[in-house]
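# Structural description and commentary
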Amino acid sequence: KKIRKMTIQQSEKLGIAFVHQELNLFNDLKVYENIFLMKEYKKKPGILDKKRMIRETQQLFTELGVEIEPEEKVENLKTSQKQLLEISKALVFQAKLLILDEPTSSLDDDEVEKLFVLMRRLRDEGVGIIFVTHFLEQVYAVCDRITVLRNGELVGEYETKDLPRVMLVAKMMGKDFDDLADIKGEHKDKKQGKPEPVIEAKGISHKGTI
């Protein structure tokens, strides 16, 4: 079944959760308040059930292996913790498909590995994950299958184990493997020493501007 237009509410009902590259969190709210934003539990109209939300947030973190205090203000969290919070926020209502858009772009190596541990755990529990990234080493570290897009067009889908990195680069660039090999060979054959200038220009600048 193809769905061309989908609201956030429809995607949530289908079990689809999207974590954007730009974190969608409220820094002046507490962790549990971000988790249940617009989905708060209430004891009765106008009165929030804070204890239940805190309890279920802690339970979720324990299940995911995430070390964050539910009552901590989001502004006090590290970037990696905010990223894990975004994923936890997406999973609180049992998402079946998790789409991660460049989740590692602002993380260091240790933080990336923590994220990958969580991703592998979710995969093993049956959650489907679409991992959007430009970091090829991360693709091979965590993905089972690779989908290559170029200029908005689908190039192909491949098993990670069957697609060597040089072939992946060729498909991304729209080059044949032999073309890449030729480029590499030409580069090696060039004479060592000071490179010749490709272009020279004078008198094209203006004070105070580029």
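Residues numbered from 1 in each chain as written. Predicted model: local features only at pLDDT ≥ 70, side-chain atom pairs only at ≥ 80, totals over all residues. Heavy atoms only, no water.

Turning our eyes to something else, we now look at the overall build of the protein. Per the secondary structure count, the protein includes 8 helices and 7 strands. Taken over the C-alpha trace, the protein has a radius of gyration of 23 Å; the compact-globule value for 210 residues is 17 Å, which it surpasses by more than 25%. With respect to the three principal axes, the spread of C-alpha positions in the protein is 75 × 50 × 35 Å. The buried share of the protein, taken over its 210 residues, is 30%. (Helix = DSSP H or I, 4+ residues; strand = E, 2+ residues; numbered from the N terminus. Rg over C-alpha atoms; globule rule 2.2 N^0.38 Å. Buried < 20%, exposed > 50% of the residue type's maximum accessible area, 1.4 Å probe, protein only.)

Before going further, it helps to examine a negative patch on the surface. Taken together, the side chains of Asp28, Glu69, Glu71, Glu72 and Glu75 define an acidic patch exposed on the protein surface. Checked against the element boundaries, glutamate 71 lands in the loop between helix H3 (50-64) and helix H4 (79-91). On the basis of relative accessibility, which here comes to 47%, the residue glutamate 71 falls in the partly exposed class. (Patch = residues over 30% accessible without salt bridge, like charges linked within 9 Å, V, L, I, M, F, W, Y side chains within 5 Å. Areas by Shrake-Rupley, 256 points an atom, 1.4 Å probe, with all protein chains shown as cover. Salt bridge = Lys/Arg side-chain N within 4 Å of Asp/Glu carboxyl O. Lys, Arg positive; Asp, Glu negative; His and termini not counted. Charge placed at Lys NZ, Arg CZ, Asp CG, Glu CD.)

Quick look at the nonpolar core now. A general feature of soluble globular proteins is that nonpolar side chains tend to end up buried together. Counting 41 residues, the largest nonpolar core has Leu85, Ile87, Leu98 and Leu122 as the members making the most contacts within it. Elements represented by at least two residues in this core include exactly strand E1 (16-19), helix H2 (31-35), H3, H4, strand E4 (97-101), helix H5 (109-124), helix H6 (136-142) and strand E6 (145-150). Here this core takes 6 residues from H5, the largest share from any one element. Discounting chain neighbours no more than four positions away, the residues touching leucine 98 are Ala17, Val19, Ile87, Ala90, Leu122, Val127, Gly128, Ile129 and Ile130. (Core = buried A, V, L, I, M, F, W, Y, C linked by side-chain atoms within 4.5 Å. Contact = heavy atoms within 4.5 Å.)

Glancing now at H5. With 16 residues, H5 ought to run about 22 Å at 1.5 Å a step, and its terminal C-alpha atoms sit 22 Å apart, in line with that. For H5, the set of buried residues is Glu111, Val112, Leu115, Phe116, Leu118, Met119 and Leu122. For H5, the buried positions fall inside an angular range of 165° around the axis, keeping them on one side. Exposed positions of H5 whose direction lies more than 90 degrees from the buried face are Asp109, Asp110 and Asp124. In the core, the buried residues of H5 are packed alongside H3, H4, E4, strand E5 (128-132) and H6. Between the side-chain oxygen at the start of H5 and the backbone nitrogen of aspartate 110 there is a gap of 3.2 Å, and the oxygen is on aspartate 108. Downstream of H5 by a residue or two, glycine 126 has a phi angle that is positive, lying close to 100°. (Expected span 1.5 Å × (residues − 1). Arc of directions from axis to C-beta. Polar contact = N/O pair within 3.5 Å; in protein donor to acceptor, adjacent residues only side chain to side chain.)

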